[in-house]
Each structure stands twice: as C-alpha cells, then as structure tokens.
Amino acid sequence: MNIPSNLKYTKDHEWVLIEGDTATVGITDFAQKELGDIVYVEVETLDQSLDKDEVFGTVEAVKTVSDLFLPLSGEIIEFNDSLERTPEDVNSDPYGKGWMVKIKIANTAEIDELLSSDAYKELIGA
C-alpha cells in the first residue's frame, strides 16, 4: 500500500499536498482499492468557496458512488479535467495523474488537523 510521507491525510481517505497557500487533493491508494474500478469523477464546485468537510464532488465506481469531502476550507481553483476522459487514472496513479482538485486555502490552521502518513497508516491498519 502506497502512503507517501510528504502528504497529509483525512479520515475520509483523501490525501492533501500543501504547496504554499494551495492544496492539491485526491483519494488515497487505500480508498481507490476499496472502491474498485473508478468510472466517473464529478466536481461541480469549481470556483466556489466551501467549508472544511463540505462535499465538493463524487467519485463513481462500478459498485458504488462516494462523496468527496473538502479537507480544508477554501476556494476550489482547479479541477483535473483529464479525469473526465480517463477516470481510471485515480486507480492507476492516485497520487499523480489521479489528483482531483486544487484549493486556495482559506484557513491554514486547519492543516494541523490533518493526519500524518503514520497516523493514516494506523487508521487503516497498514
């Protein structure tokens, strides 16, 4: 199971890459394996400001549809629109080509509430 140590994580199985006041968000390797083959990623919140833990989109797999929760308050400034053509990138490269959105962080104090890679490993029993 791939859990990069340079990322932060949520209890909802999302990863967060912090770069200055921007955060890139996707779902973890664990989450994509649990979901199975991903067939569609929907994000209709581009250019909207949302609070931490609000739903920013959905990911649809063959077996289920799951909500995506914003790990940090902020404005969604970019959606990885290549996922409209190749949603399977979330399965094959969840930490690379499978990223979902970029957020302009509104409250940097919330970063401290995210999980470290070790805390996330403990959460999933890895």
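Above this note sits the structure.
What you see is a predicted model; the values in this text were computed from it and never measured.

(A) Region of the structure containing the overall build of the protein. Of the regular secondary structure elements, the protein holds three helices and nine strands. What you see for the protein is a C-alpha radius of gyration of 13 Å, in line with the 14 Å of a compact globule of 126 residues. Taken along the three principal axes of its C-alpha coordinates, the protein extends 35 × 35 × 20 Å. Considering only residue pairs separated by 6 or more positions, the protein has 59% of its internal contacts joining residues 24 or more positions apart. Separation between the mean location of the 10 positive side-chain charges and that of the 27 negative ones in the protein comes to 6 Å.

(B) Region of the structure containing the layout of surface pockets. Computed from the structure, the largest pocket encloses a volume of approximately 150 Å³. The wall of the largest pocket is formed by 13 residues, among which Asp 12, His 13, Ala 31, Leu 35 and Ser 66 lie closest to the centre. Of the residues belonging to the lining of the largest pocket, the class tally is seven nonpolar, two polar and four charged.

(C) Quick look at the packing of aromatic side chains. For the structure on display, the rule yields two aromatic pairs. Look at Tyr 9 and Tyr 120: their rings are 4.9 Å apart centre to centre, the planes differ by 15°, and that puts the pair in the stacked class. Of this pair, Tyr 9 sits in strand S1 (residues 8-9) while Tyr 120 sits in helix H3 (residues 117-124), and the two are 111 residues apart along the sequence. Residue Tyr 9 is classed as buried on the basis of its relative accessible area of 0%. Overall, Tyr 120 belongs to the buried group, its relative accessible area being 0%.

(D) Up close: the sheet that holds strand S3 (residues 22-27). In space, the six strands of this open sheet follow the order S1-S2-S3-S9-S8-S5, with antiparallel pairing throughout. Strands with a single pairing partner mark the edges of an open sheet, and in this sheet they are S1 and strand S5 (49-50). Alignment of S3 against strand S9 (residues 101-105), held across four bridges, turns out to be antiparallel. The partner of Val 25 across the bridge, within S9, is Val 101.

About the criteria used
- Residues numbered from 1 in each chain as written.
- Predicted model: local features only at pLDDT ≥ 70, side-chain atom pairs only at ≥ 80, totals over all residues.
- Heavy atoms only, no water.
- Helix = DSSP H or I, 4+ residues; strand = E, 2+ residues; numbered from the N terminus.
- Rg over C-alpha atoms; globule rule 2.2 N^0.38 Å.
- Contact = heavy atoms within 4.5 Å.
- Lys, Arg positive; Asp, Glu negative; His and termini not counted.
- Charge placed at Lys NZ, Arg CZ, Asp CG, Glu CD.
- 1 Å grid on protein atoms, 1.4 Å probe; cavity = no way out; pocket = protein on both sides within 12 Å on 5 of 7 lines; lining within 4 Å.
- Points joined across faces, edges and corners; volume = space filled by probe spheres on them.
- Nonpolar A, V, L, I, M, F, W, Y, C, P; charged D, E, K, R; others polar.
- Phe/Tyr/Trp six-rings, centres within 6.5 Å; stacked < 30°, edge-to-face > 60°.
- Buried < 20%, exposed > 50% of the residue type's maximum accessible area, 1.4 Å probe, protein only.
- Pairing = 2+ DSSP bridges.

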